[in-house]
Amino acid sequence: MSGTKYWLLKTEPESFSIDDLATCPEQTTCWDGVRNYQARNFMRDEMHVGDGVLFYHSNANPPAIVGTARVVREAYPDHTAWQRGDPHFDAKASPENPIWLMVDIQLEKVFREPIGLDQLRTAPALVGMELLRRGSRLSVQPVKKSEYEAIIKLARQKHR
DNA sequence: GCCAACGTTGGC
DNA sequence: GCCAACGTTGGC
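We now turn to the structure provided with this report. What you see is a predicted model; the values in this text were computed from it and never measured.

1. Brief notes about the state of the cysteines
For the structure shown, the criterion picks out zero disulfides. There is no disulfide at Cys-24, and the cysteine sulfur nearest it, in Cys-30, is 8.6 Å away. Cys-24 sits in the buried class, given a relative accessible area of 17%.

Below you can see the structure in the form of structure tokens.
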């Protein structure tokens, strides 16, 4: 599909891993808890059903891309923002003024072997990738089609 | 646990 | 609107 965009979503596997996603009903989950405006705006303005998602484990050993998913629902209010006691509670958010949004994603593929950060750094096709930029912290970041395809290719090679 | 990089907050 | 202080992220 032309117009398909590609994204990388970060998660700490201790809080939500790709294996957790695999056990969700329909292998689908809402991507709640994003509390960064730039990340939110990507979801709100540019993410569409069918977009490709690289699933990244941060604060992991090793940090790695561990699989792929698809966007199956476009941005809608993140209700956890006004749930008192939720780790991502935001007193300024409410059903009338949600502030924060989320999308739904569905698992596509769990890589048999994760592609670690160090391997990503050595791939010529990935030079300049946002994830590899020093100090990159965005939890929702755009990925070039060429980068996405290069990573799929790396995952396939690992299988041989 | 350290710390660099980055975002947010709030005084002025 | 500046910017210092503070909190968070995330690799190591």
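We are not done yet, so read on.
2. Topic: the packing of aromatic side chains
Under the definition given, this model contains five aromatic pairs. Each ring, one from Trp-7 and one from Phe-42, has its centre 5.6 Å from the other, and the planes form 55°; the classification is tilted. On the criterion of sequence distance, the pair formed by Trp-7 in strand β1 (residues 6–11) and Phe-42 in helix α2 (residues 37–46) is long-range, its members being 35 residues apart. Considered together, Trp-7 and Phe-42 belong to a single accessibility category, that of buried residues. Taking the centre distance of 5.6 Å and the plane angle of 80° together, the rings of Trp-31 and Phe-55 count as edge-to-face. Taken together, the residues span a long stretch of sequence, with Trp-31 in the loop between β2 (28–30) and α2 and Phe-55 in strand β3 (residues 52–57) at a distance of 24 residues.

3. As for the sheet that holds β2
Backbone-to-backbone hydrogen bonds join strands into a sheet, with any given pair of strands oriented parallel or antiparallel. A sheet is described by the order of its strands in space; here six strands give the open sequence β2-β5-β4-β3-β1-β6, paired in mixed fashion. Strands at the two margins of the open sheet, each flanked by one partner only, are β2 and β6 (140–143). Going from strand to strand, the sheet's axes swing by 35° on average, the running direction of each strand aside. Of the pairings in the sheet, the one linking β3 to strand β4 (residues 64–77) comprises six bridges and is antiparallel in character. When the bridges of β4 are listed, Gly-52 appears paired with Arg-70. On top of the sheet, α2 reaches β1, β4, β5 (101–116) and β6; it is set at about 110° to β5, its chief contact.

4. Looking at the protein's contact with DNA strand B
Around DNA strand B sit Asn-36, Tyr-37, Lys-92, Arg-133, Arg-134, Gly-135 and Arg-137, and that is every residue in its neighbourhood. Take the atoms of DNA strand B that sit within 4 Å of the protein: sugar and phosphate atoms are 76% of them. Separating a phosphate oxygen of DNA strand B from a side-chain N or O atom of Arg-133 is a distance of 3.5 Å. Separating a base oxygen of DNA strand B from a side-chain N or O atom of Arg-137 is a distance of 2.7 Å. Across the surface near DNA strand B, the residue classes tally to one nonpolar, two polar and four charged.

5. Remarks on the protein's contact with DNA strand C
With respect to spatial proximity, the complete set of residues near DNA strand C consists of Lys-10, Tyr-56, Ser-58, Asn-59, Pro-63, Leu-117 and Arg-137. For DNA strand C, the fraction of atoms within 4 Å of the protein that belong to sugar or phosphate moieties is 67%. Here a phosphate oxygen of DNA strand C and a side-chain polar atom of Tyr-56 are 2.5 Å apart. Here the surface near DNA strand C is built from residues that sort into three nonpolar, two polar and two charged.

6. A word on the pairing of β1
Looking along a regular strand, one sees the side chains alternate between the two faces of the sheet. Summarising burial for β1: six of the six residues are buried, a large majority. Neither face of β1 is open: one carries Tyr-6, Leu-8 and Lys-10, the other Trp-7, Leu-9 and Thr-11, and all of them are buried. Across six bridges, β1 lies against β3 in parallel orientation. Looking across to β3, one finds that Lys-10 is bridged to Tyr-56. Relative to β6, β1 runs antiparallel, the two being bridged by four bridges. Note on β6: the bridge partner recorded for Trp-7 is Pro-142.

What counts and how
- In every chain, residue numbers begin from 1 and rise along the written sequence.
- In the order they appear in the text, chains get letters beginning with A and ligands get numbers beginning with 1.
- Confidence filtering applies because this is a predicted model: local features only for residues at pLDDT of at least 70, side-chain atom pairs given and counted only at 80 or more, and all residues used for totals across whole chains, interfaces and linings.
- For side-chain calculations, the full set of non-hydrogen atoms in the structure is used, while hydrogens and water are omitted.
- Here, two cysteine sulfur atoms that lie within 2.5 Å of each other are counted as a disulfide.
- Think of it in three bands: residues with accessible area under 20% of the maximum for their type are buried, residues over 50% are exposed, and the middle band is partly exposed, with areas taken using a 1.4 Å probe on protein chains only.
- Stacked, tilted and edge-to-face are the three classes applied to pairs of Phe, Tyr and Trp rings, where Trp contributes its six-membered ring and a pair requires centres within 6.5 Å; stacked means planes under 30 degrees apart, edge-to-face means over 60, and tilted covers the rest.
- Secondary structure elements are defined from DSSP: runs of H or I of at least 4 residues count as helices, runs of E of at least 2 residues count as strands, and each element is numbered from the N terminus.
- The criterion for strand pairing is that DSSP finds at least two bridges linking the strands in question.
- Here, axes are lines fitted to C-alpha atoms. For helices the fit covers the stretch in contact, and angles between N-to-C directions go from 0 to 180 degrees.
- What makes two residues a contact is simply this: any of their non-hydrogen atoms within 4.5 Å.
- A molecule or strand has a residue near it when one of that residue's heavy atoms lies within 4 Å.
- Side-chain atoms alone can form a polar contact between residues adjacent in sequence; in general such a contact is a pair of N or O atoms within 3.5 Å, and within protein one must be able to donate a hydrogen while the other accepts it.
- Each residue gets one label: Ala, Val, Leu, Ile, Met, Phe, Trp, Tyr, Cys and Pro are nonpolar, Asp, Glu, Lys and Arg are charged, and the others, such as Gly, are polar.

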